[in-house]
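One letter stands for each residue in the lines below.
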Amino acid sequence: MKQREIKKMIETLSFVRTSGSEEEERLVRYFEKELNALPVKTRIVPFSVPGYRTRAASLSVEGEEIPCRPIWGFGTGLAEGELYYLRRADSCVKRACRERIVLIDGPLRASLYDFLAEAGALAVIASCGDASAEGSAIDQRARAFTLKGKKKLPCAMIHVKDTVRLVHRAACRVSLRVEYDSFIATSHNLIAELPGESEERIDICAHYDSTFLSRGSYDNLSGALALLYLAEHFASRPHYRSLRLIFCGSEEVGLCGSLQYCASDELKGAVLNINLDMLGSLMGAVEAISCADERMEKYLSSFLKHRRIPASVRLGIRSSDSTSFTYFGVPAVSFARYAPEHIVRIHTPRDLPEQVGPAQLLQDMRLVAAFTEKAAAVDFPVPFVLCDKVKKESQDHMKRCRMPPFADE
Ligand SMILES: [Zn+2]
């Protein structure tokens, strides 16, 4: 893969591709075709994800219409009442939320939803965006956690610039209508096998879906292209451990693709996961995370130092597909190149082709290939072990986000 080809792929494949959408499938079919041309054998594993279609969404505040989107997966219908700005989910203001439409200045997380449902709120208005940035596009979100039997309140999202305006007004009455249809959509994992001499297998994954507002060049077309690079690299190179590449769908809505994979029999034989999420950013440095144990953390440090790559290395988990593997007992290593947030913010319209440097991405691809070569070799110096810290963090993450392993509906 040449820099020129990388540049072209970043330009042509950066399009919005949300979970279960036609565009998401279009991208996975592209990767399938490219792999088959190498030739590398592939299979596509479809899985169900929640699908939604908005019928109506309106927020009127004393005669003024404020643009909003429903947060899918919660309640529907009309809510009318007094607006209450919840500054913090503190027990001393729980009663103030009762019978009111509650405005929050950030996203709606599981614990905050519980607080509001228990408080007896009528509806919730969450906020997205950046008050100091250009534009006021509203993100489309869906519930990515289980309700644990809590009441379904109508929930909507507005831009934070409108949130600030509403707080300026002090007390006001609002009317919120949210109507949408739910159905079952299909997302896909694409799996490619690169057999080695051993039955032991390294599963390397990257998600290829994006969020609603983002063309996802950096998060995570970059990582998916790195998988393609690895396919090319290893297709003609002998390696001891078997390698499997997994292009995961629907990561952005709750690690759905990797969870589907890890909860199935497919995981059998995997000794290590390598996760690639956000590589090749023009700005910023590498972060390598040992989601395994301290020995792997030390190994990563010396490996990167030896290659003279400035990087931060830590032990722990990351909110990405590697956590599905560690949750299911497979140690992982996760690679990213973190661009400073004030330069490129993921999940926004600013995640664009120009944020990814083709030369930088090629360097990251080579780095990941070099690490994979080491890990796939018979004499890799460190055992693949999941330590208690990472195990616990993975369980806590899944519990906190109430992801599918904790589904109770
Ligand atoms: Zn990502």
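Residues numbered from 1 in each chain as written. Predicted model: local features only at pLDDT ≥ 70, side-chain atom pairs only at ≥ 80, totals over all residues. Heavy atoms only, no water.

1. Quick look at a nonpolar patch on the surface
Part 1 of the argument: Nonpolar side chains collect at one region of the surface, where Leu282, Met283 and Ile343 lie side by side and expose about 250 Å² of accessible area between them.
Part 2 of the argument: By secondary structure assignment, the location of Leu282 is in the loop between β11 (270-276) and β12 (285-291). (Patch = residues over 30% accessible without salt bridge, like charges linked within 9 Å, V, L, I, M, F, W, Y side chains within 5 Å. Areas by Shrake-Rupley, 256 points an atom, 1.4 Å probe, with all protein chains shown as cover. Salt bridge = Lys/Arg side-chain N within 4 Å of Asp/Glu carboxyl O. Helix = DSSP H or I, 4+ residues; strand = E, 2+ residues; numbered from the N terminus.)

2. Comments concerning the pattern of salt bridges
Part 1 of the argument: Summed over all chains, the structure comprises 29 salt bridges.
Part 2 of the argument: For the salt bridge of Arg169 with Glu62, the shortest nitrogen-to-oxygen distance reads 3.7 Å. Of the two residues, Arg169 sits in the loop between α4 (160-168) and β8 (173-194) while Glu62 sits in the loop between β1 (42-61) and β2 (64-66), which places them 107 residues apart along the sequence.
Part 3 of the argument: Judged by its relative accessible area of 54%, Glu62 falls in the exposed class.
Part 4 of the argument: Of the charged contacts, one joins Arg244 and Glu266 as a salt bridge, the two residues approaching to 3.6 Å between their closest N and O atoms. Taken as a pair, Arg244 in strand β10 (residues 242-248) and Glu266 in the loop between α6 (256-262) and β11 lie far apart in primary sequence, 22 residues in all.
Part 5 of the argument: What you see here is one network of salt bridges that share partners, running through Glu62, Glu64, Asp162, Arg165 and Arg169. (Buried < 20%, exposed > 50% of the residue type's maximum accessible area, 1.4 Å probe, protein only.)

3. Examining the side chain of Glu24
Part 1 of the argument: With respect to the helices and strands, Glu24 occurs in helix α2 (residues 22-37).
Part 2 of the argument: It turns out Glu24 is buried and unbridged, and the closest side chain with the opposite charge, Arg17, is 7.7 Å from it.
Part 3 of the argument: One polar contact links Glu24 to Ser187, side chain to side chain, over a distance of 3.0 Å.
Part 4 of the argument: Not counting the four nearest positions on each side in its chain, Glu24 is found in contact with Arg17, Thr18, Ser19, Ser187, Tyr208, Asp209, Gly249 and Ser250. (Lys, Arg positive; Asp, Glu negative; His and termini not counted. Polar contact = N/O pair within 3.5 Å; in protein donor to acceptor, adjacent residues only side chain to side chain. Contact = heavy atoms within 4.5 Å.)

4. Concerning the coordination of the zinc ion
Part 1 of the argument: At this site the zinc ion is bound by His207 (NE2), Asp219 (OD), Asp277 (OD) and Asp277 (OD), with donor distances of 1.9 to 2.7 Å.
Part 2 of the argument: Every donor counted, the four donor atoms about the zinc ion form angles of 51 to 144° at the centre, which fits irregular coordination.
Part 3 of the argument: Sequence spacing among the residues donating to the zinc ion works out to H-x11-D-x57-D. You can see His207 sitting in strand β9 (residues 201-207) and its partner Asp219 sitting in helix α5 (residues 217-235), a full twelve residues away along the chain. Each member of the pair, His207 together with Asp219, is buried. (Donors = N, O, S within 2.8 Å, 3.2 Å for Na, K, Ca; no water. Tetrahedral: all angles 85-135°; square planar, octahedral: opposite > 155°, others 65-115°.)

5. Focus on the pairing of strand β13 (residues 311-315)
Consecutive residues of a regular strand have side chains that alternate between opposite faces of the sheet.
Part 1 of the argument: Taken together, the five bridges between β12 and β13 define a ladder with parallel strand orientation. Within β13, the position partnered with Glu287 by the bridge is Ser312.
Part 2 of the argument: Remark: the β12/helix α7 (residues 294-306)/β13 crossover connection has right-handed handedness. (Pairing = 2+ DSSP bridges. Right-handed = clockwise from strand over helix to strand, strands pointing away.)

6. Describing the packing of aromatic side chains
Part 1 of the argument: By the definition in use, this model includes 16 aromatic pairs.
Part 2 of the argument: Each ring, one from Phe303 and one from Phe371, has its centre 5.7 Å from the other, and the planes form 75°; the classification is edge-to-face. With a gap of 68 residues between them, Phe303 in helix α7 and Phe371 in helix α9 (residues 358-376) connect regions that are remote in the sequence. For the pair Phe303 and Phe371, one class covers both residues: buried.
Part 3 of the argument: Through pairs of rings, three or more aromatic residues link up here, namely Tyr299, Phe303, Phe335, Phe371, Phe380 and Phe384.
Part 4 of the argument: Residue placement shows Arg26 over the ring face of Phe15; its charged tip is 4.3 Å from the ring centre.
Part 5 of the argument: In this structure, Arg143 packs its charged tip against the face of Phe74, placed 6.0 Å from the ring centre. (Phe/Tyr/Trp six-rings, centres within 6.5 Å; stacked < 30°, edge-to-face > 60°. Lys NZ or Arg CZ within 6 Å of the ring centre and 35° of its normal.)

7. Concerning the environment of Ala110
Part 1 of the argument: Following the sequence through the fold, Ala110 ends up in helix α3 (residues 110-119).
Part 2 of the argument: The spacing of Ala110 and Arg4 is 106 residues in sequence and 44 Å in space, taken between C-alpha atoms.
Part 3 of the argument: For Ala110, the residues in contact, after removing those within four places along its chain, are Phe145, Arg400 and Arg402.

8. Quick notes on the domain arrangement of the chain
Part 1 of the argument: By the assigned domains, the chain splits into domain 1 (3-49 + 185-406) and domain 2 (60-182).
Part 2 of the argument: The centre of domain 1, based on its C-alpha atoms, is set 34 Å off from the matching centre of domain 2.
Part 3 of the argument: The partner domain 2 presents 14 residues to the ten residues of domain 1 that form the contact.
Part 4 of the argument: Regarding the contact of domain 1 and domain 2, the summed buried area is about 970 Å², with carbon and sulfur atoms giving 51% of it.
Part 5 of the argument: Area buried by domain 1 at its contact with domain 2 is led by Phe212, Leu213 and Arg402, which between them contribute 62% of it.
Part 6 of the argument: Along the contact surface separating domain 1 from domain 2 lie one salt bridge.
Part 7 of the argument: On inspection of domain 1 and its partner domain 2, the count reaches one residue pair in polar contact (both at pLDDT 80 or more). (Domains from an automatic or database assignment. Buried area = accessible area lost by both parts, 1.4 Å probe.)

9. Quick notes on the pairing of strand β4 (residues 77-85)
Part 1 of the argument: The pairing of β4 with β8 spans six bridges and is antiparallel. Within the sheet, the bridge partner assigned to Ala79 lies in β8 and is Leu176.
Part 2 of the argument: The pairing of β4 with strand β5 (residues 101-103) spans three bridges and is parallel. Its bridge partner lying in β5, Leu83 is registered against Ile101.

10. So, the state of the cysteines
Part 1 of the argument: For the structure on display, the rule yields zero disulfides.
Part 2 of the argument: No disulfide involves Cys128; its sulfur sits 11 Å from that of Cys68, the nearest cysteine.
Part 3 of the argument: A relative accessible area of 4% places Cys128 in the buried class.
Part 4 of the argument: For Cys248, which is in no disulfide, the shortest distance to another cysteine sulfur is to Cys205 and amounts to 4.6 Å.
Part 5 of the argument: The exposure class assigned to Cys248 is buried, which follows from its relative accessible area of 1%. (Disulfide = S-S within 2.5 Å.)

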